[in-house]
Amino acid sequence: MEIKLENISKEYKNVKALDNINLAINSPAMIGFVGPNGAGKSTLMKMLVGQLLPTSGNIIVDGVLLNKNEKHLKERLGYLPQDFGLYEELTVEEFLDYMACLKGINRSKRKSIDRAISLTSLEEKRKFKIKTLSGGQKQRIGIAQAILNNPELLIVDEPTVGLDPEERIKFRNLFSEGSKEKIVILSTHIIEDVESICNSIIVLNKGKILFAGEPSELVKGA
Ligand code: ADP
Ligand code: ADP
């Protein structure tokens, strides 16, 4: 998969959330978008998943211009938004079954669910109600639903918000494998969440790219 962002800008009323972003992303890649709150990360994520259109500029996926009517990306995409809601009364398994139905996964649904549960190490919790799980386990359910369709592009927005340090480390481990063919994009305001696991880091501030490169090139605290 090849994603190109060409001169992407996004304005909300009087806020310039993204200001002339140019990027090319090719699979496989493990990319961290880092920046303070308000930098434009969520706006960019929403654009990549097709929830928002740029005010100007082009998003091109495998040579095809993405616009409002483009469905092809949806099938190849997994997304964990920042404000993802779980049905707390359902068990892990029931919830994933429900999400698989929503996503139109019919063939080998069982296998998809088993695979997602296994990749997120939730086997022991599959029969437990979501409300009984920890914050980190709930985040893993979020990831599990995002990977049900074995997506080529996985986008995870602020994955570690509300997690304690131990859970955060487990969460990083979850991503250090599994990105061999995929594009995985993590957005966070915590650089430590991504510097050890991503092969490239893009720092956003006030809608502009301040840095794009390998984590080792990024001077800490800069
Ligand atoms: P949608 O359901 O279309 O994604 P949102 O929940 O993002 O809508 O936003 C609903 C309204 O709240 C928007 O019209 C906007 O005015 C306001 N809003 C949402 N997020 C922000 C933000 N980060 N900063 C300022 N206003 C916001
Ligand atoms: P981040 O994810 O890095 O915190 P966002 O993309 O949420 O950044 O926000 C970038 C800028 O756009 C902020 O100034 C925010 O207040 C504004 N913004 C985001 N969504 C909306 C919206 N729906 N309506 C108005 N302003 C918004």
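Predicted, not measured: the structure shown is a model, and the values here were computed from it. (Residues numbered from 1 in each chain as written. Chains lettered and ligands numbered in written order. Predicted model: local features only at pLDDT ≥ 70, side-chain atom pairs only at ≥ 80, totals over all residues. Heavy atoms only, no water.)

J.: Looking at this model, I keep getting lost on the site of ligand 2. Mind explaining?
T.: If you check the shell around ligand 2, you find Tyr12, Val15, Ala17, Pro36, Asn37, Gly38, Ala39, Gly40, Lys41, Ser42 and Thr43 and nothing else. Ala39 places a polar main-chain atom, nitrogen or oxygen, 3.1 Å from an oxygen atom of ligand 2. Between ligand 2 and Lys41 there is a distance of 2.9 Å, counted from an oxygen atom to a side-chain nitrogen or oxygen. Coverage of ligand 2 by the protein chains reaches 63% of its 560 Å² of free accessible surface. Listed by contribution, the elements that provide at least two residues to the shell around ligand 2 are strand E2 (15-26) and helix H1 (41-48). The element contributing the most residues to the shell around ligand 2 is H1, with 3 residues. Of the residues in the shell around ligand 2, the class split is 5 nonpolar, 5 polar and 1 charged. (Near = heavy atom within 4 Å. Polar contact = N/O pair within 3.5 Å; in protein donor to acceptor, adjacent residues only side chain to side chain. Areas by Shrake-Rupley, 256 points an atom, 1.4 Å probe, with all protein chains shown as cover. Helix = DSSP H or I, 4+ residues; strand = E, 2+ residues; numbered from the N terminus. Nonpolar A, V, L, I, M, F, W, Y, C, P; charged D, E, K, R; others polar.)

J.: Which parts of the structure should I look at to understand a nonpolar patch on the surface?
T.: Taken together, the side chains of Tyr87, Tyr98 and Leu102 define a hydrophobic patch exposed on the protein surface, amounting to about 320 Å² of accessible area. Locating Leu102 in the fold gives a position in helix H3 (residues 92-102). (Patch = residues over 30% accessible without salt bridge, like charges linked within 9 Å, V, L, I, M, F, W, Y side chains within 5 Å. Salt bridge = Lys/Arg side-chain N within 4 Å of Asp/Glu carboxyl O.)

J.: For this particular structure, what's the right way to read helix H5 (residues 135-146)?
T.: Each α-helix winds once per 3.6 residues, and so residues spaced three or four apart point in a common direction. With 12 residues, H5 should cover 16 Å at 1.5 Å per step; its first-to-last C-alpha distance of 17 Å lies within 8% of that length. When you tally the buried positions in H5, you get 10 out of 12 residues, the bulk of the element. Those residues of H5 that fall on the buried side of the exposure criterion are Gly136, Gln137, Gln139, Arg140, Ile141, Gly142, Ile143, Ala144, Gln145 and Ala146. (Expected span 1.5 Å × (residues − 1). Buried < 20%, exposed > 50% of the residue type's maximum accessible area, 1.4 Å probe, protein only.)

J.: Would you explain the confidence of the model for the chain in this entry?
T.: Across the chain, pLDDT averages 89, with 94% of residues at or above 70. Here the complex is predicted with pTM 0.85, and the ipTM for its interfaces comes to 0.71. (pLDDT = per-residue confidence, 0-100.)

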